[in-house]
Amino acid sequence: MNNTNEIKFLDLASLHVPLRVELDAAYRRVMDAGWFITGAELEAFEQEFAAYSQVQHCIGVANGLDALHLILRAYDIGNGDEVIVPANTFIATWLAVTQAGATPVPVEPDAETYNLDPARVEEKITPRTRAIMAVHLYGQMADMPALREIADRHGLRLIEDAAQAHGARGHGRTAGSVGDAAGFSFYPGKNLGALGDGGAVTTSDAELADKIRLLRNYGSKVKYRHEIAGYNSRLDEMQAAFLRVKLRHLEGWNEQRWTQADYYTRHLASCNRVQSPFVPDWAQPVWHLYVVRTPERDALQAWLADGGIQTQIHYPIPPHLQGAYAGMQICKGSELPISESLHKEVLSLPIGAHITVALQDRIIERVVSWPDC
(Lines give C-alpha, C1' and ligand atoms only; values in the text may rest on other atoms or scores of the structure.)
Protein backbone atom coordinates (compact mmCIF):
# COMPACT_ATOMS: atom_id res chain seq x y z
CA MET A 1 0.00 0.00 0.00
CA ASN A 2 1.18 3.53 -0.71
CA ASN A 3 2.85 5.01 2.38
CA THR A 4 0.71 8.14 2.10
CA ASN A 5 -2.29 5.94 2.96
CA GLU A 6 -0.58 4.21 5.87
CA ILE A 7 -2.16 4.65 9.28
CA LYS A 8 0.59 5.58 11.69
CA PHE A 9 0.75 4.07 15.14
CA LEU A 10 1.89 7.42 16.54
CA ASP A 11 1.96 10.87 14.92
CA LEU A 12 3.42 13.50 17.22
CA ALA A 13 3.86 16.05 14.44
CA SER A 14 0.12 16.28 13.84
CA LEU A 15 -0.56 16.35 17.60
CA HIS A 16 1.47 19.52 17.95
CA VAL A 17 0.04 21.44 14.99
CA PRO A 18 -2.96 22.86 16.93
CA LEU A 19 -0.60 23.78 19.78
CA ARG A 20 1.97 25.62 17.68
CA VAL A 21 1.07 29.12 18.87
CA GLU A 22 1.06 28.06 22.54
CA LEU A 23 4.30 26.08 22.22
CA ASP A 24 6.02 28.92 20.38
CA ALA A 25 4.98 31.32 23.14
CA ALA A 26 6.37 28.92 25.76
CA TYR A 27 9.65 28.68 23.86
CA ARG A 28 9.97 32.45 23.63
CA ARG A 29 9.16 32.85 27.31
CA VAL A 30 12.06 30.60 28.28
CA MET A 31 14.45 32.15 25.76
CA ASP A 32 13.60 35.67 26.87
CA ALA A 33 14.07 34.77 30.53
CA GLY A 34 17.53 33.35 29.81
CA TRP A 35 17.14 30.81 32.63
CA PHE A 36 17.18 27.16 31.55
CA ILE A 37 17.55 24.93 34.63
CA THR A 38 15.37 24.82 37.81
CA GLY A 39 13.64 28.14 37.26
CA ALA A 40 10.17 29.63 37.21
CA GLU A 41 8.76 27.32 34.52
CA LEU A 42 9.72 24.19 36.42
CA GLU A 43 8.33 25.56 39.66
CA ALA A 44 5.04 26.44 37.97
CA PHE A 45 4.75 23.08 36.25
CA GLU A 46 5.47 21.24 39.49
CA GLN A 47 2.68 23.12 41.21
CA GLU A 48 0.25 22.55 38.35
CA PHE A 49 1.00 18.83 37.97
CA ALA A 50 0.84 18.30 41.74
CA ALA A 51 -2.63 19.88 41.77
CA TYR A 52 -3.69 17.80 38.76
CA SER A 53 -2.43 14.62 40.44
CA GLN A 54 -4.08 15.59 43.76
CA VAL A 55 -0.86 15.50 45.80
CA GLN A 56 1.15 18.03 47.77
CA HIS A 57 4.44 17.79 45.89
CA CYS A 58 5.76 17.25 42.37
CA ILE A 59 9.50 17.10 41.68
CA GLY A 60 10.57 17.30 38.04
CA VAL A 61 13.41 14.98 37.03
CA ALA A 62 15.17 13.94 33.85
CA ASN A 63 13.04 10.91 32.94
CA GLY A 64 10.67 8.27 34.25
CA LEU A 65 13.39 5.76 35.13
CA ASP A 66 15.15 8.36 37.27
CA ALA A 67 11.85 9.16 38.99
CA LEU A 68 11.48 5.57 40.19
CA HIS A 69 15.17 5.17 41.02
CA LEU A 70 15.25 8.39 43.06
CA ILE A 71 12.18 7.31 45.05
CA LEU A 72 13.97 4.11 46.05
CA ARG A 73 17.16 6.00 46.89
CA ALA A 74 15.23 8.54 48.94
CA TYR A 75 13.69 5.72 50.96
CA ASP A 76 17.17 4.18 51.46
CA ILE A 77 16.17 1.02 49.63
CA GLY A 78 19.26 -0.66 48.25
CA ASN A 79 21.72 -3.49 48.77
CA GLY A 80 20.20 -6.51 50.46
CA ASP A 81 16.63 -5.27 49.98
CA GLU A 82 13.89 -6.72 47.80
CA VAL A 83 11.20 -4.86 45.86
CA ILE A 84 8.12 -6.63 44.54
CA VAL A 85 7.57 -5.74 40.88
CA PRO A 86 5.21 -6.89 38.13
CA ALA A 87 6.59 -9.64 35.94
CA ASN A 88 4.66 -8.06 33.07
CA THR A 89 6.04 -4.57 32.51
CA PHE A 90 8.54 -2.46 30.60
CA ILE A 91 12.07 -3.10 31.83
CA ALA A 92 12.46 0.39 33.35
CA THR A 93 10.47 -0.76 36.40
CA TRP A 94 13.07 -3.43 37.10
CA LEU A 95 16.02 -1.21 36.15
CA ALA A 96 15.04 1.31 38.82
CA VAL A 97 15.28 -1.45 41.43
CA THR A 98 18.62 -2.86 40.30
CA GLN A 99 20.13 0.61 39.86
CA ALA A 100 19.33 1.22 43.52
CA GLY A 101 21.17 -2.01 44.37
CA ALA A 102 18.04 -3.90 45.40
CA THR A 103 16.62 -7.13 43.96
CA PRO A 104 13.41 -7.19 41.89
CA VAL A 105 11.00 -9.94 42.91
CA PRO A 106 8.57 -10.54 40.03
CA VAL A 107 4.90 -11.32 40.61
CA GLU A 108 2.54 -12.55 37.92
CA PRO A 109 -0.24 -10.25 36.67
CA ASP A 110 -3.97 -10.62 36.99
CA ALA A 111 -4.96 -12.62 33.90
CA GLU A 112 -7.70 -10.12 32.96
CA THR A 113 -6.20 -6.69 33.63
CA TYR A 114 -2.53 -7.65 33.06
CA ASN A 115 -1.65 -5.57 36.13
CA LEU A 116 0.05 -6.75 39.32
CA ASP A 117 -2.15 -9.35 41.02
CA PRO A 118 -2.61 -8.56 44.74
CA ALA A 119 -3.59 -12.18 45.39
CA ARG A 120 -0.09 -13.29 44.38
CA VAL A 121 1.88 -10.51 46.10
CA GLU A 122 1.74 -11.69 49.69
CA GLU A 123 3.37 -15.05 49.02
CA LYS A 124 6.44 -13.24 47.66
CA ILE A 125 7.00 -11.08 50.76
CA THR A 126 10.09 -11.98 52.80
CA PRO A 127 11.95 -10.32 55.68
CA ARG A 128 14.02 -8.52 53.03
CA THR A 129 11.04 -6.98 51.23
CA ARG A 130 10.97 -3.18 51.53
CA ALA A 131 8.49 -2.05 48.90
CA ILE A 132 5.83 -2.97 46.36
CA MET A 133 6.17 -1.19 43.01
CA ALA A 134 2.88 -1.33 41.11
CA VAL A 135 2.69 -0.41 37.42
CA HIS A 136 -0.44 1.16 35.93
CA LEU A 137 0.12 -0.72 32.69
CA TYR A 138 -1.17 0.72 29.40
CA GLY A 139 -2.83 3.56 31.35
CA GLN A 140 -5.09 1.49 33.63
CA MET A 141 -4.52 1.65 37.36
CA ALA A 142 -3.58 -1.41 39.35
CA ASP A 143 -5.83 -2.41 42.25
CA MET A 144 -4.24 0.06 44.65
CA PRO A 145 -6.57 -0.35 47.69
CA ALA A 146 -5.79 -4.07 47.76
CA LEU A 147 -2.06 -3.40 47.42
CA ARG A 148 -2.24 -0.60 49.99
CA GLU A 149 -3.76 -2.98 52.54
CA ILE A 150 -0.99 -5.53 51.97
CA ALA A 151 1.74 -2.90 52.10
CA ASP A 152 0.40 -1.38 55.34
CA ARG A 153 -0.02 -4.76 56.99
CA HIS A 154 3.61 -5.67 56.26
CA GLY A 155 5.11 -2.23 56.82
CA LEU A 156 6.13 -1.78 53.19
CA ARG A 157 6.38 1.25 50.94
CA LEU A 158 3.89 1.33 48.07
CA ILE A 159 5.31 2.97 44.96
CA GLU A 160 3.41 3.70 41.74
CA ASP A 161 5.02 3.38 38.33
CA ALA A 162 2.58 5.78 36.69
CA ALA A 163 4.66 6.31 33.54
CA GLN A 164 1.69 5.47 31.29
CA ALA A 165 -1.15 6.72 33.47
CA HIS A 166 -1.33 10.53 33.50
CA GLY A 167 -4.86 11.28 34.69
CA ALA A 168 -5.96 7.67 35.17
CA ARG A 169 -8.32 6.96 38.04
CA GLY A 170 -9.19 3.94 40.10
CA HIS A 171 -11.54 3.56 43.05
CA GLY A 172 -12.09 7.33 42.83
CA ARG A 173 -8.39 8.17 43.22
CA THR A 174 -5.98 9.67 40.70
CA ALA A 175 -2.83 7.91 39.53
CA GLY A 176 0.13 9.20 41.50
CA SER A 177 -1.90 9.98 44.64
CA VAL A 178 -2.46 6.55 46.21
CA GLY A 179 1.03 5.21 46.86
CA ASP A 180 3.66 6.74 49.11
CA ALA A 181 5.17 8.15 45.92
CA ALA A 182 4.82 7.78 42.17
CA GLY A 183 7.11 8.06 39.18
CA PHE A 184 5.87 9.61 35.93
CA SER A 185 7.48 9.67 32.50
CA PHE A 186 7.03 12.52 30.02
CA TYR A 187 8.60 10.63 27.12
CA PRO A 188 7.21 12.23 23.93
CA GLY A 189 4.81 9.38 23.15
CA LYS A 190 3.07 9.48 26.54
CA ASN A 191 -0.42 10.95 26.98
CA LEU A 192 1.41 13.91 28.56
CA GLY A 193 4.67 13.99 26.65
CA ALA A 194 7.47 16.50 26.51
CA LEU A 195 9.35 17.46 23.35
CA GLY A 196 12.25 15.44 24.70
CA ASP A 197 12.84 13.34 27.80
CA GLY A 198 11.36 14.21 31.15
CA GLY A 199 9.87 12.76 34.31
CA ALA A 200 8.52 13.61 37.74
CA VAL A 201 7.90 12.24 41.21
CA THR A 202 4.59 12.96 42.92
CA THR A 203 4.04 12.52 46.65
CA SER A 204 2.36 14.05 49.69
CA ASP A 205 5.37 13.09 51.84
CA ALA A 206 7.19 16.39 52.44
CA GLU A 207 10.32 14.71 53.80
CA LEU A 208 10.58 12.47 50.75
CA ALA A 209 10.02 15.43 48.41
CA ASP A 210 12.84 17.38 50.05
CA LYS A 211 15.23 14.45 49.73
CA ILE A 212 14.42 13.89 46.07
CA ARG A 213 15.01 17.59 45.38
CA LEU A 214 18.44 17.11 46.92
CA LEU A 215 19.16 13.89 45.03
CA ARG A 216 18.19 15.30 41.62
CA ASN A 217 20.57 18.27 42.02
CA TYR A 218 23.92 16.75 42.99
CA GLY A 219 22.77 16.46 46.61
CA SER A 220 22.77 20.24 46.87
CA LYS A 221 20.36 22.92 48.10
CA VAL A 222 22.93 25.71 47.97
CA LYS A 223 25.34 25.93 45.06
CA TYR A 224 28.66 24.16 45.73
CA ARG A 225 27.41 22.80 49.07
CA HIS A 226 26.56 19.08 48.77
CA GLU A 227 24.76 17.50 51.69
CA ILE A 228 24.48 13.99 50.20
CA ALA A 229 25.87 12.13 47.18
CA GLY A 230 23.28 12.95 44.56
CA TYR A 231 22.67 12.84 40.82
CA ASN A 232 22.12 15.19 37.92
CA SER A 233 18.47 14.54 37.06
CA ARG A 234 16.48 17.71 36.41
CA LEU A 235 13.52 18.54 34.21
CA ASP A 236 14.75 21.55 32.25
CA GLU A 237 12.90 24.83 31.84
CA MET A 238 12.07 24.35 28.16
CA GLN A 239 10.44 20.97 28.69
CA ALA A 240 8.60 22.26 31.77
CA ALA A 241 7.22 25.16 29.70
CA PHE A 242 6.07 22.80 26.95
CA LEU A 243 4.50 20.45 29.48
CA ARG A 244 2.56 23.33 31.03
CA VAL A 245 0.97 23.94 27.63
CA LYS A 246 0.16 20.29 27.07
CA LEU A 247 -1.18 19.72 30.58
CA ARG A 248 -4.02 22.11 29.76
CA HIS A 249 -5.09 19.77 26.94
CA LEU A 250 -4.54 16.45 28.71
CA GLU A 251 -8.09 15.84 29.91
CA GLY A 252 -9.47 16.42 26.42
CA TRP A 253 -6.95 14.03 24.89
CA ASN A 254 -7.72 11.41 27.53
CA GLU A 255 -11.45 11.70 26.87
CA GLN A 256 -10.81 11.25 23.16
CA ARG A 257 -8.81 8.09 23.88
CA TRP A 258 -11.62 6.78 26.07
CA THR A 259 -14.11 7.29 23.21
CA GLN A 260 -11.79 5.54 20.76
CA ALA A 261 -11.17 2.62 23.13
CA ASP A 262 -14.90 2.14 23.66
CA TYR A 263 -15.42 2.25 19.89
CA TYR A 264 -12.76 -0.41 19.35
CA THR A 265 -14.16 -2.68 22.04
CA ARG A 266 -17.73 -2.51 20.72
CA HIS A 267 -16.80 -3.06 17.08
CA LEU A 268 -14.15 -5.75 17.60
CA ALA A 269 -16.52 -7.91 19.66
CA SER A 270 -17.44 -9.94 16.57
CA CYS A 271 -13.85 -11.18 16.18
CA ASN A 272 -13.66 -14.20 18.48
CA ARG A 273 -9.90 -14.70 18.06
CA VAL A 274 -9.04 -11.15 19.21
CA GLN A 275 -9.51 -10.34 22.89
CA SER A 276 -10.14 -6.68 23.76
CA PRO A 277 -8.90 -5.14 27.05
CA PHE A 278 -10.79 -5.80 30.26
CA VAL A 279 -11.71 -2.80 32.44
CA PRO A 280 -12.95 -3.36 36.02
CA ASP A 281 -15.97 -1.33 37.13
CA TRP A 282 -13.78 0.74 39.46
CA ALA A 283 -11.21 1.74 36.80
CA GLN A 284 -11.08 4.75 34.48
CA PRO A 285 -8.09 4.14 32.20
CA VAL A 286 -6.54 6.84 30.06
CA TRP A 287 -5.73 4.36 27.30
CA HIS A 288 -2.10 5.19 26.72
CA LEU A 289 -2.26 1.98 24.72
CA TYR A 290 -5.14 -0.07 23.37
CA VAL A 291 -3.82 -3.62 23.56
CA VAL A 292 -5.58 -6.61 22.06
CA ARG A 293 -4.55 -10.21 22.57
CA THR A 294 -4.50 -13.22 20.27
CA PRO A 295 -2.43 -16.44 20.08
CA GLU A 296 -1.77 -15.55 16.42
CA ARG A 297 -0.35 -12.11 17.27
CA ASP A 298 2.41 -12.11 14.65
CA ALA A 299 -0.05 -13.17 11.92
CA LEU A 300 -2.47 -10.40 12.92
CA GLN A 301 0.31 -7.82 12.94
CA ALA A 302 1.40 -8.91 9.46
CA TRP A 303 -2.22 -8.81 8.23
CA LEU A 304 -2.63 -5.25 9.50
CA ALA A 305 0.73 -4.18 8.06
CA ASP A 306 -0.31 -5.52 4.65
CA GLY A 307 -3.37 -3.28 4.99
CA GLY A 308 -1.22 -0.23 5.68
CA ILE A 309 -1.80 -0.16 9.44
CA GLN A 310 1.10 0.30 11.84
CA THR A 311 0.98 -1.53 15.17
CA GLN A 312 3.41 -2.03 18.04
CA ILE A 313 4.21 -4.83 20.46
CA HIS A 314 4.37 -3.73 24.10
CA TYR A 315 6.52 -5.66 24.94
CA PRO A 316 8.01 -8.56 22.94
CA ILE A 317 10.32 -9.87 25.72
CA PRO A 318 9.48 -9.81 29.45
CA PRO A 319 12.15 -8.42 31.79
CA HIS A 320 13.12 -11.79 33.29
CA LEU A 321 14.05 -13.10 29.83
CA GLN A 322 16.12 -10.06 28.86
CA GLY A 323 19.89 -10.37 28.62
CA ALA A 324 20.18 -7.61 31.22
CA TYR A 325 18.97 -10.07 33.88
CA ALA A 326 20.42 -13.29 32.52
CA GLY A 327 23.00 -13.48 35.31
CA MET A 328 20.65 -12.83 38.21
CA GLN A 329 18.73 -16.12 38.07
CA ILE A 330 15.59 -14.32 39.16
CA CYS A 331 13.41 -17.12 37.81
CA LYS A 332 14.00 -20.80 37.20
CA GLY A 333 12.57 -22.31 34.06
CA SER A 334 9.11 -21.05 33.15
CA GLU A 335 7.89 -19.76 36.52
CA LEU A 336 6.02 -16.84 34.98
CA PRO A 337 3.72 -18.45 32.39
CA ILE A 338 1.08 -15.69 32.35
CA SER A 339 3.65 -12.99 31.63
CA GLU A 340 5.42 -15.08 29.01
CA SER A 341 2.13 -15.78 27.24
CA LEU A 342 1.15 -12.11 27.29
CA HIS A 343 4.41 -10.99 25.77
CA LYS A 344 3.84 -13.44 22.90
CA GLU A 345 0.21 -12.51 22.32
CA VAL A 346 -0.37 -8.76 22.85
CA LEU A 347 -0.60 -6.19 20.08
CA SER A 348 -1.19 -2.42 20.38
CA LEU A 349 -3.52 -0.77 17.87
CA PRO A 350 -3.26 2.90 16.89
CA ILE A 351 -5.01 5.27 19.27
CA GLY A 352 -4.76 9.00 19.96
CA ALA A 353 -5.48 12.43 18.56
CA HIS A 354 -4.30 11.53 15.04
CA ILE A 355 -6.89 8.75 14.67
CA THR A 356 -10.14 9.95 13.13
CA VAL A 357 -13.35 7.91 13.12
CA ALA A 358 -12.73 7.11 9.44
CA LEU A 359 -9.24 5.79 10.20
CA GLN A 360 -10.52 3.79 13.15
CA ASP A 361 -13.19 2.26 10.92
CA ARG A 362 -10.46 1.20 8.50
CA ILE A 363 -8.53 -0.46 11.32
CA ILE A 364 -11.61 -2.25 12.64
CA GLU A 365 -12.64 -3.42 9.18
CA ARG A 366 -9.16 -4.83 8.61
CA VAL A 367 -9.13 -6.67 11.95
CA VAL A 368 -12.56 -8.25 11.55
CA SER A 369 -11.73 -9.31 7.98
CA TRP A 370 -8.66 -11.23 9.26
CA PRO A 371 -9.15 -14.86 8.19
CA ASP A 372 -8.45 -16.13 11.72
CA CYS A 373 -11.28 -14.06 13.23
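Residues numbered from 1 in each chain as written. Predicted model: local features only at pLDDT ≥ 70, side-chain atom pairs only at ≥ 80, totals over all residues. Heavy atoms only, no water.

Undergrad: Can you walk me through a nonpolar patch on the surface in this structure?
TA: Taken together, the side chains of Y27, M31, F36 and I37 present a nonpolar region at the surface, about 350 Å² in accessible area. Counting through the fold element by element, Y27 comes out in helix α2 (residues 20-33). (Patch = residues over 30% accessible without salt bridge, like charges linked within 9 Å, V, L, I, M, F, W, Y side chains within 5 Å. Areas by Shrake-Rupley, 256 points an atom, 1.4 Å probe, with all protein chains shown as cover. Salt bridge = Lys/Arg side-chain N within 4 Å of Asp/Glu carboxyl O. Helix = DSSP H or I, 4+ residues; strand = E, 2+ residues; numbered from the N terminus.)

Undergrad: Got a minute to help me understand the layout of surface pockets in this structure?
TA: Of the pockets and cavities examined, the largest pocket occupies roughly 640 Å³. Lining the largest pocket are 29 residues; nearest its centre among them are F90, Q164, Y187, K190 and Y315. Reported here for the second largest pocket is a volume of approximately 260 Å³. Around the second largest pocket, the lining residues are W35, I37, T38, N217, Y218, S220, K221, V222, K223, Y224, H226 and R234. With three residues, strand β10 (residues 220-222) is the largest single contributor of residues to the lining of the second largest pocket. Here the residues of the lining of the second largest pocket are counted per class, giving five nonpolar, four polar and three charged. (1 Å grid on protein atoms, 1.4 Å probe; cavity = no way out; pocket = protein on both sides within 12 Å on 5 of 7 lines; lining within 4 Å. Points joined across faces, edges and corners; volume = space filled by probe spheres on them. Nonpolar A, V, L, I, M, F, W, Y, C, P; charged D, E, K, R; others polar.)

Undergrad: Explain the packing of helix α3 (residues 40-53) against helix α9 (residues 237-247) here, please?
TA: Packing of α3 against α9 leaves a shortest axis separation of 8 Å and a crossing angle of 35 degrees. Considering only the axes of α3 and α9, their crossing is left-handed. Contacts from A40, E41, L42, A44, F45, E48, F49 and Y52 in α3 reach E237, A240, A241, L243, R244 and L247 in α9. In the contact of α3 with α9, the residues fall into ten nonpolar, no polar and four charged. (Axes fitted to C-alpha atoms, helices over the stretch in contact; angles between N-to-C directions. Left-handed = near helix turned anticlockwise from the far one by under 90°. Contact = heavy atoms within 4.5 Å.)

Undergrad: Looking at this model, I keep getting lost on the packing of aromatic side chains. Mind explaining?
TA: The geometry of an aromatic ring pair is captured by the separation of the ring centres together with the interplanar angle, meaning the angle of the planes. All chains considered together, the criterion is met by ten aromatic pairs. With a centroid separation of 5.3 Å and 35 degrees between ring planes, the pair formed by F90 and Y315 is classed as tilted. Of this pair, F90 sits in the loop between β2 (82-86) and α5 (92-99) while Y315 sits in the loop between α11 (297-306) and α12 (337-345); the two residues are 225 residues apart in sequence, bridging distant segments of the chain. Owing to a relative accessible area of 14%, Y315 belongs among the buried residues under this scheme. Consider the rings of W287 and Y290, whose centres lie 5.5 Å apart with planes at 35 degrees: the pair is tilted. Exposure remark for Y290: the relative accessible area of 0% places this residue in the buried category. Cluster of aromatic residues (ring-pair linked, three or more members): F45, F49, Y52, F184 and F186. We note R366 situated over the ring of W303; from NZ or CZ to the ring centre the distance is 3.7 Å. (Phe/Tyr/Trp six-rings, centres within 6.5 Å; stacked < 30°, edge-to-face > 60°. Buried < 20%, exposed > 50% of the residue type's maximum accessible area, 1.4 Å probe, protein only. Lys NZ or Arg CZ within 6 Å of the ring centre and 35° of its normal.)

Undergrad: What should I look at first to understand the packing of helix α4 (residues 64-74) against α5 in this one?
TA: For any two helices packed against each other, one specifies the crossing angle of their axes together with the interaxial distance. Running from N to C, α4 and α5 cross one another at 40 degrees; their axes reach a closest spacing of 8 Å. For the pair α4 and α5, the sense of crossing is right-handed. For the pair α4 and α5, the contacting residues are L65, L68, H69 and L72 in the first and A92, T93, L95, A96, V97 and Q99 in the second. Looking at the contact of α4 with α5 residue by residue, the classes come out as seven nonpolar, three polar and no charged.

Undergrad: Teacher, can you tell me more about the state of the cysteines here?
TA: What we call a disulfide is simply a covalent bond connecting the sulfur atoms of a pair of cysteines. Taken as a whole and assessed by the stated rule, the structure comprises one disulfide. Residue pairing for C271: its cysteine sulfur links by disulfide to C373, the two sulfurs lying 1.6 Å apart. Taking the torsion about the sulfur-sulfur bond, which here is approximately -85 degrees, the covalent link between C271 and C373 counts as left-handed. Here C271 is found in the loop between α10 (250-267) and β12 (283-284), whereas its partner C373 is found in the segment after α13 (357-368), with 102 residues between them in sequence. (Disulfide = S-S within 2.5 Å.)

Undergrad: Explain the side chain of H314 to me, please; I cannot follow it from the model alone.
TA: Assignment of secondary structure puts H314 in the loop between α11 and α12. Apart from residues no more than four positions distant in its own chain, H314 is found in contact with F9, Y138, L289, V346 and S348.

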